[in-house]
Structure formats: C-alpha cells, structure tokens
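Fold and geometry: a report
Letter by letter, the chains look like this.
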Amino acid sequence: MPRKSSPEKPSEMNDLWGANAGSRGEHPRAAWFRASKYAMFIHWGLYAQAANVWLGKNWHGIAEWLMRRAKIPVREYEMLAGSFNPQGFNAEEWALLAKAAGMRYLVLTAKHHEGFAMFKSKASAYNIVDATPFRRDPIAELAAACRKHGLGLGFYYSQFLDWHEKDAAGNDWEFGPADAPERNFDRYLQTKALPQITELLTNYGEVALIWFDTPGTISRAACKSLQALIRKLQPNCLINSRIGNGLGDYSSLGDQEIPVHPPEGLWETVDTHNDTWAYSRHDHHWKGPRELVSRLCRVVSQGGTYMLNVGPTGEGRIPEASAEILRRVGVWLGRNGDAIYGTTRSPIAAQAWGVATSKPGRLFLHLLEWPHSGRIVVPGVKVAGVQATVLATGDTLAAEVMDAGIVVHLPSVAPESPTTVIALELSGKLEVIDRGHFFHPGLPNLFHAPFAGLAGCKRAKRQWMEKFGDWHHAEMIEGFATGSSACWNFTALGGELCNVFLQYDCLPEADGSELELSLGDVRWAFPVQCTGNGHANRPRFRRECLGVVPVQGPGPLVLKLTGTDIKCTNAVRLETVWLEPVG
Ligand code: JFZ
C-alpha cells in the first residue's frame with residue numbers, strides 16, 4: 001500500500017510536546033539566554049542505576065524510559081532506590097567539566113517521568129535523601145558548585161508524566177481504566193508538582209530556568225498555575241515551551257532537531273551526546289568533537305542555544321569518553337568562543353563551506369568543510385571593505401570585495417581543528433543583495449528539500465525514532481508522481497565536474513521507477529530502487545550516486561528532478577541532492 005500522505009507533524013503534536021513558546025515581551029533573563037549559546041543538560045536519576053538493563057534483558061534506546069518500556073511495577077522499580085548510592089558523584093567535578101567544555105549553564109533532571117526526586121523533598125519521600133543510602137542532596141551540592149564557578153543552574157521537571165503516581169499521567173500499565181474514577185491530576189499537581197517546584201525555587205538559590213517536559217494534554221489552567229508559581233517565587237526564572245499551552249518564554253525544539261527555518265524569538269536545540277539521554281550500559285555512540293562543533297555552530301548561526309546532554313552513571317560519574325570529547329570542544333571554544341558567545345544570527349544563509357555568526361562590524365565564517373580551491377566566497381553581499389584573519393591564530397588572510405561577494409584566500413591546509421573560524425572585520429554596513437542559493441566550486445554543495453520549487457508534489461517535515469526515543473528529523477519531498485518535479489535555482493560561483501548524489505527513500509511498490517535529472521543543458525534519466533519498507537514516519541533513506549555532470553558556471557543554473565515513470569504515487573521521497581567535485 002502506498003504511504004498515506006499524512007500531514008506534517010500535526011500542530012497538536014507540537015502542543016503535546018510543547019514546541020512553541022508564547023510571543024510576549026522581553027524576559028528579564030532573555031539577554032543572558034541569548035548570549036549563553038551552549039549549555040549542559042544532565043539526565044540523572046534512578047534509571048542510571050538500571051542503565052537500560054532489567055531482569056537480565058538489555059534495552060536499547062533512551063534509558064530513562066526503561067520503567068515504561070519494561071512496564072515495571074512501581075513497587076519493583078522503587079527497589080532501585082535501595083541500592084542507589086552514587087559515591088562517585090562530585091558536584092565540583094561536574095561544574096568544572098561544564099566550564100572546561102565551554103558551557104555557560106547546566107540543567108539537571110530534578111524529577112523525570114519516573115517520579116523520583118533527585119533532591120530533598122517534603123512533598124514526596126520518594127527522593128534521593130530519604131529513600132536511598134546516599135542520603136545527600138546532589139542538587140544542593142550542584143547549586144553551590146555552580147555559584148562558585150559562575151554557572152547558571154536550571155532544573156528539568158516532568159510536570160505531566162509521573163509513572164510513580166496514580167494521579168499523574170503516563171503509567172497505563174499499572175493504573176488502568178478501572179482506576180480512572182479515582183485518578184485526580186489536580187491532586188497530583190497540588191500535592192507533588194507545585195510543592196516540589198516550590199522547593200526547587202526556594203531551597204537552592206537563584207534558578208536560571210525551569211525546563212518542563214512533555215506537557216501532553218495538561219490543562220491550560222494547570223500550566224498557568226505552574227507559571228504563576230514560578231513568576232511569584234523567582235520572576236527572573238525562564239520557563240521553556242514544554243510547560244505547554246504556549247506559556248513558555250523560549251522554544252525547546254524537538255530532540256536532536258536543528259531547524260532549517262529557525263523560529264523567531266528565543267529557542268534552543270537539545271541534543272543527546274550518544275543516542276540516549278540517561279546512561280545506558282550499551283550505548284557508546286558518542287558524537288565526536290567535529291560533529292558537536294558543527295551542530296553547535298549550525299544552531300548558533302541561526303540564533304539558537306545548543307544544550308548538549310550528559311548521562312551520569314549510577315555511581316554518579318560522567319562517562320569518561322563523553323567527558324573527554326566535551327573537553328576537546330571546550331579547547332576549541334577557548335580559541336574560537338568569540339565567534340559563538342554573544343553573537344547574533346547570521347545575515348547570510350548556510351553555504352557549502354559552512355555557516356556564519358555575527359557581531360557588530362564583524363562576521364565570523366565557520367568553515368565546516370575546508371575548500372580545496374584555495375578560497376571561499378561569502379556570496380551575494382556588498383561591503384565597503386574587509387579584513388580577514390584566522391580567529392584562533394590571528395594570522396592575516398588576503399581578502400577582497402568583488403562582484404560575487406567577499407572573497408577570502410585560504411592556505412591549503414586548515415589551520416584549526418575541528419573547524420577553522422575566519423573573522424571578517426567589516427568597513428561599513430554589510431548589505432545582503434542576493435539571498436539565493438549558491439554553488440561553490442571545490443566543495444560538496446547540498447540542495448535540500450525545503451529550498452526546492454515543487455510541482456505535483458509537496459514538502460513534508462517528518463520526525464521518527466530509530467532506536468526508541470532516538471529522534472531523527474527530516475524535511476523531504478512527498479507525493480511524487482509521474483510528472484512531478486522539484487527544482488533548485490542557484491548561482492554557480494564557478495564551473496566544476498561533479499558527482500551527483502541523491503538521498504531518497506523508495507517503497508517496494510515504486511521499485512524501478514524512473515526520474516530525470518536536468519542541469520543546464522545536461523539531461524538524463526536514472527532509476528531508483530526500493531530502499532526498504534519505511535512507513536510514513538520512518539524513512540529508509542539511501543544516498544546514491546547518480547552519475548557525473550558538469551556544473552557549467554559561473555552564472556545562474558537550475559537543477560531539476562522530474563518523475564518520468566513513478567510506479568506508485570507517494571512511494572518515492574526525495575530529501576537532498578549533493579553536487580560533489582569528482583576530485
Ligand atoms: C522527552 C523525554 O521523554 C525524554 O526522556 C528526554 O527527557 C527528552 C529531553 O524529553 O522526550 C521528548 C520530548 C519531546 C520530543 C521528543 C522527545 N519532541 O518534541 O520531538
């Protein structure tokens with residue numbers, strides 16, 4: 001059966017997860033949030049003690065959801081507390097790691113969906129001080145360490161899902177329909193959630209933000225009561241959009257989501273370091289320094305904050321491989337932080353060489369790919385004059401303003417790792433005169449679905465899980481049929497012989513379909529093959545080389561894909577076209 005062309009993520013899904021903040025005046029802490037750019041998320045709870053293993057079975061995916069996935073009865077799950085004694089926990093070490101990593105604040109899970117409080121709570125004895133042999137309050141220790149080292153401190157709080165409580169949402173494996181008559185969410189709110197938010201905002205000094213999560217179908221009234229309490233206790237405390245009902249001060253995008261079109265106002269991308277938020281014994285899939293720096297730069301270039309997660313073990317230690325990679329990114333930030341902290345969103349779009357960030361009179365070019373052409377072009381801009389230096393070394397680079405834009409001449413080898421930043425000192429105002437798409441010779445050039453002109457097909461934004469909770473996001477072209485077309489208008493800054501790659505997914509029903517590629521005066525057809533049985537929300541993409549084409553630049557060109565024999569409508573989805581130098 002062809003894929004049902006379901007809509008983009010339905011708006012109510014956004015509300016279920018609280019992706020959209022409200023639009024209101026400047027929050028007292030907005031400037032601080034906007035300038036911080038990089039933060040540490042910490043998922044630490046009883047689930048770390050289980051480490052994604054239960055009764056000898058290994059679970060894969062996000063480990064903080066073990067209780068729900070293994071449908072563990074509350075009374076059995078509680079037994080984890082009896083052995084939870086994280087003697088390896090050292091708040092000073094965590095604060096120093098965040099500093100060394102270049103992170104400006106940290107957000108710790110005070111109470112996740114499991115319902116266990118990682119702080120002393122009179123509202124519930126199900127907490128780390130009263131229910132474990134550890135008997136210490138890690139939040140108190142972390143608050144002191146953050147104050148000592150000038151780090152902001154925020155708390156994650158799951159206000160709707162609480163699998164330990166019958167009155168809260170989420171535990172449908174123990175509290176079923178028969179319990180419905182006596183279940184009372186407002187009682188949970190009044191006896192646990194609001195008192196614990198009060199404890200968090202009363203007992204630990206200044207709190208930078210409360211990070212709510214998964215508001216689901218929580219009522220607007222309940223959200224308003226949470227918001228009012230925070231405003232009363234700590235008016236400067238930011239609230240993220242996952243409070244729900246559009247009541248947040250800033251937007252927390254979907255997990256691991258780096259937007260193509262950044263939202264207005266304050267926003268953040270939250271990201272796992274591996275593929276789980278909480279510690280999982282089997283997940284060592286750490287993103288390396290190059291990937292983390294790339295993600296940080298791409299988020300900051302669009303005006304967002306990047307909050308990267310660590311998942312400490314049941315002993316209270318941050319896995320050493322994770323910590324070491326964070327330290328290496330911190331070393332890079334030590335040399336290039338001027339291009340990150342306190343910057344504003346780029347005046348130009350992402351280019352084949354990378355992204356830009358901005359400060360008054362300065363433009364920072366983050367070269368995520370090192371060009372082998374010996375130069376890069378900041379295209380479509382005009383400025384009276386420019387001086388270029390390698391930010392990390394101060395080395396001067398030859399640069400000039402030309403019709404095509406700002407041209408910077410580069411050494412053959414990148415002077416910085418994992419990413420070189422070029423600082424441009426601008427004389428006069430930078431004018432952006434062409435916001436189109438540009439082809440840069442000597443680099444891989446990507447043509448994404450969101451920027452295509454479409455006929456007989458449509459754009460769709462999809463998010464799906466690979467492993468459980470391991471979210472992926474893509475904007476793609478759906479509804480493709482015979483006669484459909486997608487085209488990208490661009491300006492080639494030079495000519496080049498390129499390999500053409502297409503990333504697509506294709507259901508069995510469309511196996512052997514044919515499309516035609518045209519670029520300039522080149523036109524040829526190519527077949528696509530089945531890539532798997534991906535259903536609407538779980539694409540099985542393949543990146544396939546279609547052949548070699550000449551990019552006949554400089555000048556305007558159109559890259560076009562047309563369905564010439566699509567054997568089943570909406571069974572072929574297109575995500576990205578690459579034009580890469582044949583080398
Ligand atoms: C939630 C939690 O369930 C998860 O355990 C973790 O704490 C994460 C940071 O937040 O998971 C979500 C919430 C929202 C989306 C995806 C996962 N979303 O909007 O795509």
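Residues numbered from 1 in each chain as written. Predicted model: local features only at pLDDT ≥ 70, side-chain atom pairs only at ≥ 80, totals over all residues. Heavy atoms only, no water.

Points about empty space enclosed by the protein
- Applying the stated criterion across every chain, the model contains 1 cavity of 30 Å³ or more.
- Here the largest cavity is characterised by a volume of approximately 50 Å³.
- Every residue along the wall of the largest cavity is listed here: His273, Asn274, Thr276, Trp277, Ala278, Tyr279, Ser280, Trp286, Asn309, Val310, Gly311 and Pro319.
- The class makeup of the residues in the lining of the largest cavity is 6 nonpolar, 6 polar and no charged. (1 Å grid on protein atoms, 1.4 Å probe; cavity = no way out; pocket = protein on both sides within 12 Å on 5 of 7 lines; lining within 4 Å. Points joined across faces, edges and corners; volume = space filled by probe spheres on them. Nonpolar A, V, L, I, M, F, W, Y, C, P; charged D, E, K, R; others polar.)

A short note on the environment of Gly532
- By secondary structure assignment, the location of Gly532 is in the loop between strand S29 (522–527) and strand S30 (542–551).
- Through-space distance from the C-alpha of Gly532 to that of Phe41 is 35 Å; in sequence the pair is 491 residues apart.
- Setting aside residues up to four positions removed in sequence, Gly532 forms contacts with Cys506, Leu507, Pro508 and Arg540. (Helix = DSSP H or I, 4+ residues; strand = E, 2+ residues; numbered from the N terminus. Contact = heavy atoms within 4.5 Å.)

Let's talk about the side chain of Thr357
- Position of Thr357 among the secondary structure elements: in strand S11 (residues 354–359).
- At 2.7 Å, the side chain of Thr357 forms a polar contact with the backbone oxygen of Ala339.
- Separated by 2.9 Å, the side chains of Thr357 and His366 make a polar contact.
- Not counting residues up to four positions away in its chain, the partners in contact with Thr357 are Val300, Ser301, Ala339, Thr343, Thr344, Ser346, Leu363, Phe364 and His366. (Polar contact = N/O pair within 3.5 Å; in protein donor to acceptor, adjacent residues only side chain to side chain.)

Comments concerning the packing of helix H7 (residues 91–101) against helix H12 (residues 320–336)
- Axis separation between H7 and H12 bottoms out at 7 Å; the angle between their running directions is 40 degrees. Here H7 lies oblique to H12, going by the angle between them. Contacts between H7 and H12 involve Leu97, Ala100 and Ala101 on the former and, on the latter, Ala323, Leu326, Arg327, Val329, Gly330, Val331 and Leu333. (Axes fitted to C-alpha atoms, helices over the stretch in contact; angles between N-to-C directions. Parallel < 35°, antiparallel > 145°, perpendicular 65-115°, else oblique.)

Some points on the site of the ligand
- The environment of the ligand is made up of 16 residues, and the closest members are His43, Glu64, Trp65, His112 and His113.
- In this structure, Trp65 approaches the ligand through a side-chain N or O atom, which is 2.9 Å from an oxygen atom.
- Between the ligand and Asp213, the relevant distance is 3.0 Å, taken from an oxygen atom to a side-chain nitrogen or oxygen of the residue.
- Summarising the interface, the protein chains cover 98% of the accessible area of the ligand, which totals 450 Å² for the free molecule.
- The cavity that encloses the ligand is the second largest pocket.
- Considered class by class, the residues forming the shell around the ligand number 6 nonpolar, 6 polar and 4 charged. (Near = heavy atom within 4 Å. Areas by Shrake-Rupley, 256 points an atom, 1.4 Å probe, with all protein chains shown as cover. Sits in = over half its atoms within 2 Å of the grid points.)

Some remarks on the sheet that holds strand S17 (residues 399–402)
- In spatial order, the strands read S13-S18-S17; together these 3 strands make up an open sheet with antiparallel pairing. In this open sheet, the two strands that pair with only one neighbour each are strand S13 (375–379) and S17. Each strand axis lies, on average, 20 degrees off the axis of its neighbour in the sheet, ignoring direction.
- Here 4 bridges tie S17 to strand S18 (residues 405–409), and the two strands are oriented antiparallel to one another. Of the residues in S18, the one forming a bridge with Ala399 is Val408. (Pairing = 2+ DSSP bridges.)

Re the layout of surface pockets
- Its boundaries defined by the atoms lining it, the second largest pocket holds a volume of some 570 Å³.
- Trp17, Trp65, His113, Thr214 and Trp471 are, among the 32 residues lining the second largest pocket, the residues nearest its centre.
- Those elements giving two or more residues to the lining of the second largest pocket turn out to be helix H1 (11–17), strand S24 (458–465) and strand S25 (471–478).
- A breakdown of the residues in the lining of the second largest pocket according to their chemical character gives 15 nonpolar, 11 polar and 6 charged.

Considerations on the pairing of S24
- Note: S24 against S25, 8 bridges, orientation antiparallel. Bridged to Arg462 within S25 is Ala474.
- Two successive antiparallel strands, S24 and S25, enclose a turn made up of 5 residues, where Gly469 displays a positive phi of approximately 80 degrees.

Considering the pattern of salt bridges
- Evaluated as defined, the whole model comprises 39 salt bridges.
- Put simply, Arg68 and Asp172 hold a salt bridge, and the shortest N to O gap is 3.0 Å. Pair noted here: Arg68 is in helix H4 (residues 66–69) and Asp172 is in the loop between strand S5 (152–157) and helix H9 (185–202), with a separation of 104 residues, a long-range link.
- Given the relative accessible area of 23%, Arg68 is considered partly exposed.
- A residue is classified by how much of its surface remains accessible, and Asp172, at 48% relative accessible area, is partly exposed.
- A salt bridge links Arg327 to Glu320, with the shortest nitrogen-to-oxygen separation between them at 2.3 Å.
- A single salt-bridge network, built from bridges that share partners, covers Lys111, Asp162, Glu165 and Lys192. (Salt bridge = Lys/Arg side-chain N within 4 Å of Asp/Glu carboxyl O. Buried < 20%, exposed > 50% of the residue type's maximum accessible area, 1.4 Å probe, protein only.)

Describing the packing of aromatic side chains
- Taken as a whole, this structure holds 26 aromatic pairs when the rule is applied.
- For the pair Trp65 and Trp163, a centre-to-centre distance of 5.1 Å together with 70 degrees between the ring planes defines the contact as edge-to-face. Within this pair, whereas Trp65 is found in the loop between strand S3 (57–58) and H4, its partner Trp163 is found in the loop between S5 and H9, the two being separated by 98 residues in sequence.
- A residue is classified by how much of its surface remains accessible, and Trp65, at 18% relative accessible area, is buried.
- Aromatic side chains Trp464 and Phe541 sit 6.2 Å apart centroid to centroid with 65 degrees between the ring planes, which places their arrangement in the edge-to-face category. With Trp464 in strand S24 and Phe541 in the loop between S29 and S30, this residue pair connects regions lying 77 residues apart in the sequence.
- On the basis of relative accessible area, Phe541 is assigned to the partly exposed category, the value being 24%.
- Three or more aromatic residues joined by ring pairs make a cluster, and in this case those are Trp44, Phe84, Phe89, Trp94, Phe116, Tyr126 and Phe134. (Phe/Tyr/Trp six-rings, centres within 6.5 Å; stacked < 30°, edge-to-face > 60°.)

A look at the confidence of the model for the chain
- For the chain, the average pLDDT comes to 94, and 97% of its residues sit at 70 or higher.
- For residues 1–12, every residue scores under 50 in pLDDT, and the model assigns this stretch 31 contacts once sequence neighbours within four places are set aside. (pLDDT = per-residue confidence, 0-100.)

Some remarks on the side chain of Ser513
- For Ser513, the location among the structural elements is in the loop between strand S27 (496–506) and strand S28 (514–519).
- The class for Ser513 is buried, based on a relative accessible area of 0%.
- A distance of 2.9 Å separates the side chain of Ser513 from the backbone nitrogen of Lys567, its partner in a polar contact.
- Look past the residues within four positions of Ser513 in its chain and what remains in contact with it is Phe526, Pro527, Val528, Asp565, Ile566, Lys567 and Val572.

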